[in-house]
Amino acid sequence: MFSNNPLLAQLKQQMEANKEYVEGRVKATDKSYGFLECEKESFFIPPTEMKKVMHGDTVKAVVKREGDKASVEIDSLIEPMLERFIAQVRYNRDGKLQLVVDHPSIKNNIPANTHKNVKEKLAEGDWVVAQLKTHPLRDDRFFFAQVTQFICAESDNFAPWWVTLARHEQPREPVATEKSYSLNDELTRQDLTDLYFTTIDSESTQDMDDALFIQPIEENGTQTGWRLAVAIADPTAYIPEDSAIEKAARQRCFTNYLPGFNIPMLPRELSDDLCSLVPNAKRSALVSYIETDLAGNISKEVEFVSAWVESKAKLVYDHVSDYLEGVENAWQPENEQVKQQIDWLHQFTQARINWRKENALMFNEQGDYSFELNEDGSVREIHLEFRRIANQIIEESMIIANICAAQFLANHAKTGVFNTHAGFDPKNMEAVKTFLLKTLTDETTEEDQLAELNARYSAEKLATLEGYCAMQRDVREFPENFLELRLRRYLTFAEFKSEVAPHFGLGISHYATWTSPIRKYGDMVNHRLIKQVLAGKEANCVEQGILDRLQEARKQNRMVERDIADWLYARYLHPMVEQAVEFECELADVSRGGLRARVIENGASIFVPFSTLHDEKAEMDFLPGELAIYIKGEKTYQIGQKVKVKLTEVRLDTRSIVGQLVG
C-alpha cells in the first residue's frame, strides 16, 4: 500500500534534502565520546555513535543541532583509519584472541583470528601485523581483524627494530647472496693500482665505497691547481640488470643504517667484501679525474675511466682529524706517502670550503646524535658528534664529484638520477617575503634600504638559485637561528628527477650522486649511465617508476630511523623521570598544542603541553606565522629559543616524553 506511494517518496526526498551532511576525521578522547574534525568546525560524537567508528576514520555524518549545541550521527565510512596495522596480542577472559593497536589514540581492543600462513603460536604481548577485515560501517556488526604476520615476542630486546621495520614494510634480512659472482665488463679497465689511493671512514666501516688520490697541477714549476682522482666501488660490474639482486636493490633503494647495525641494500658478500675498497686488495672501480684551480673552481670537464685500483691504507676519521688539528699525542701517518696525501687533501678541502661559501651554500653544523648500545639492545650512551676536518675532506670530495657527474650526465647522457630541490614552495613566496621584511626591518629602516630589501626578497628573485643563495647567506648572518628554522616551513621537499635541475638546498645548479653505489640504488643507475656513455652507447632514459620508488624509499627509511629513535629515547629517559632530571633544550616546534623541545645533549624530543605554560589560557595566543606563543601580548616562546625542561613523564607504550619548563 505504501511502497509505491509517490507522496511518501516525495516526503522522504524532502527530508533527505533538508539534512545537513559533513565530512571529517574522527578524533577519539579518553572518554567514551569523541569529535568529528571537519574543515571549518568540530562536532560532538556521542558515545553510541563512537561505537561505530575508530579514531582516525574519515566519515560522512548528519549534523543534529539543538540550540547552540551540535552533534553528529554517523552516516557512512569514507576511509578507515586501519587497514594493515601493527598490534600486540591480548587474550580476554574467555581466551579469545584480541589485538591492541599500536597507536596512542586507538583504545579499541579488536577481536581477531589468525591467518593459516601464521605458524607461530601467539602468546600474550607478541607483536604482529594484522589486517582489518570488518567495520561497523561496512554493514558489519563489529570490528574484526586477522593476524597476517608474526613479528617478534614482547620480550625480544630488539622489538623496536623489528616492529618498526614491519610497520614500514621494510626487510629485516640482507639480500640473498648468489653462489658465485663474475665480473661482466664491456669496458677495458685501466690499471691504476700504482696510484696511492686511501680511504677515510669510521673505524668499524666495512662497506667502503670511495677512495681518494690527489696531486698538485704544476706549470713551469709553479702549482696552479689540483687533480683529484675519486675511485668509487663498482658493484654494477658484478650485478646483471635482470638479476634477482638488481631487482632487490631496486626495491630497497638504500642501505638502512639503524642504531646498532645496518641492513644492506646488496648482499654483504658484495658490499662488505668483493666490492668494498679494502686496503691492499685489487678492486674494480669507476674513477673520475677532477681538476680545479687553487681557488677550488672546476677548471675542465670531468674524465671518467673504468679501472682497477688498490687502496694503500684505511684511514680513520678521528685519527686523521686529530693529526690535522694538532691534538697532543695524536695518531701520526704511517709513512710519508700517507702524510703527503692527507696534507694535500686538507689543502684542497680548504679551497673547496671557501669556494662553496662564496658560490654555493654550506651546511650549518648541528651535530649528529648516535646511540651506543649494549649487547641486549639497551642504550648505554647517546653521543653528540660533530663533523671534523677529516669528515669534511670526504664530504667536499664527494660533493665536487657529484657536481661533476651531474654535468657529465646532463651533457652526454641527457638523463640521470638528479638530486634536485626547488627552494620555497611557490605558494609561500609572498609569506616568505613578508616574514623576512618584518624580521629584518623596523621603524628605523630607511626608505632606500627598504626598497632594496623589497627587490632582494621579491618572489621573482627568491625563485632563482642566485637570489635564494643570497637570501640564505643573509639569514645565516642573523645572530639568532629562529629565522632559519621558521623559513624551513616554507620549503618544498627535495626530489629525484631524470632531467637536471638546481639543488637550492646545496646552492648548486647540477647535482647527481654516484659515489655510494653499494648503498644507494640511484647511484647504481648513474654508474650504468656513465658506462653507457663511455661505451659510446645511447643512454637509456631513467624510468619514472625508479624515481618514484627512490622517493618513497627515502621517506620510509627516514620514518624507520625516527620511529626507532623515539622508542630508544623513551627507554633511555624512562628511569630518569623519578629523578626529575632537567635538560637544556632548544625549541624545535611551537604549536597550539604546546612546545616541542629538543634536548641539546642527546637529541631527545620532549613535549611541553600548552596548558602548563601559563595559568590563564585566555591570556595566551599562538601566532602560526611566527611559530611563537604570546602571553599578555608579549612574545614569550619562539622556535629556536633556548629553554630548560624538567622531565615529568615517559610512557613506554606510546613512546611519548613529556616535560615542563623550568623557570
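All figures in this text were calculated on a predicted structure; none of them were measured in a lab.

**Q** I'd like a description of the pattern of salt bridges, backed by residues and values.
**A** Inspection of the entire model under this criterion finds 40 salt bridges. Among the salt bridges present, the one from E395 reaches R387, with a minimum N-O distance of 2.7 Å. On the basis of relative accessibility, which here comes to 18%, the residue E395 falls in the buried class. A salt bridge links R562 to D563; the nearest nitrogen and oxygen atoms lie 2.8 Å apart. Of the residues examined, R562 reaches a relative accessible area of 45% and is grouped as partly exposed.

**Q** So what's going on with the pairing of strand β23 (residues 582-590)? Residues and values would help.
**A** As paired elements, β23 and strand β29 (residues 642-651) share 5 bridges and run antiparallel to each other. What sits directly across from C585, in β29, is V643. In the sheet, β23 pairs with strand β24 (residues 594-599) via 5 bridges, with the strands oriented antiparallel. By the bridge assignment, D589 is partnered in β24 with R596.

**Q** Tell me about the nonpolar core, and name the residues and values.
**A** Membership of the largest hydrophobic core comes to 80 residues, with the highest contact counts inside it found for F197, V287 and Y521. With 14 residues, helix α8 (residues 389-413) is the single largest residue contributor to this core. Sequence-distant contacts of Y521, that is, excluding residues within four places in its chain, are made with E246, A249, R250, C253, M265, I546 and L550. Membership of the second largest hydrophobic core comes to 74 residues, among which are L373, I382, L462 and F583.

**Q** Kindly report on the UniProt feature "domain: RNB" (unreviewed entry) in the chain, identifying the contributing residues and their values.
**A** Following the UniProt record, the feature "domain: RNB" (unreviewed entry) maps to residues 189-536 here. In residues 189-536, the share of helix is 38% and the share of strand is 23%. The end C-alpha atoms are 15 Å apart.

**Q** Talk me through the sheet that holds strand β9 (residues 127-134); I want residue IDs and the actual numbers.
**A** Ordered in space as β6-β7-β8-β10-β9, the 5 strands form a closed barrel in which the pairing is mixed. Adjacent strand axes in the sheet meet at a mean angle of 55°, parallel and antiparallel pairs treated alike. Packing against the sheet, helix α3 (residues 159-167) makes contact with β6 (84-91), β9 and β10 (144-152), and its axis sits at approximately 130° to β10.

**Q** Describe in detail the UniProt feature "domain: Cold-shock" (unreviewed entry) in the chain, supporting the description with residues and values.
**A** The feature "domain: Cold-shock" (unreviewed entry), as given by UniProt, occupies residues 23-78 in the numbering adopted here. Taken end to end, residues 23-78 comprises 7% helix and 59% strand; its first and last C-alpha atoms sit 8 Å apart.

**Q** Let's hear about the environment of F254: which residues, and what values?
**A** For F254, the position within the fold is in the loop between α4 (244-252) and β15 (256-258). Placed 10 residues apart in sequence, F254 and P264 show a C-alpha to C-alpha distance of 7.5 Å. Beyond its immediate chain neighbours, meaning those up to four positions away, F254 contacts M265, F496, R519, K520, L550, A553, R554 and N557.

**Q** Any details on helix α14 (residues 521-534)? Residues and values, ideally.
**A** In a regular helix each residue adds 1.5 Å, so 14 residues correspond to 20 Å; α14 covers 20 Å between its end C-alpha atoms and thus fits that length. In terms of burial, α14 is largely enclosed, as 13 of its 14 residues are buried. A positive backbone phi angle near 75° is found at G536, which sits one or two residues after α14.

Scoring rules and cut-offs
- Residues numbered from 1 in each chain as written.
- Predicted model: local features only at pLDDT ≥ 70, side-chain atom pairs only at ≥ 80, totals over all residues.
- Heavy atoms only, no water.
- Salt bridge = Lys/Arg side-chain N within 4 Å of Asp/Glu carboxyl O.
- Buried < 20%, exposed > 50% of the residue type's maximum accessible area, 1.4 Å probe, protein only.
- Pairing = 2+ DSSP bridges.
- Helix = DSSP H or I, 4+ residues; strand = E, 2+ residues; numbered from the N terminus.
- Core = buried A, V, L, I, M, F, W, Y, C linked by side-chain atoms within 4.5 Å.
- Contact = heavy atoms within 4.5 Å.
- UniProt positions renumbered as here; feature names shortened; annotations may be inferred.
- Axes fitted to C-alpha atoms, helices over the stretch in contact; angles between N-to-C directions.
- Expected span 1.5 Å × (residues − 1).

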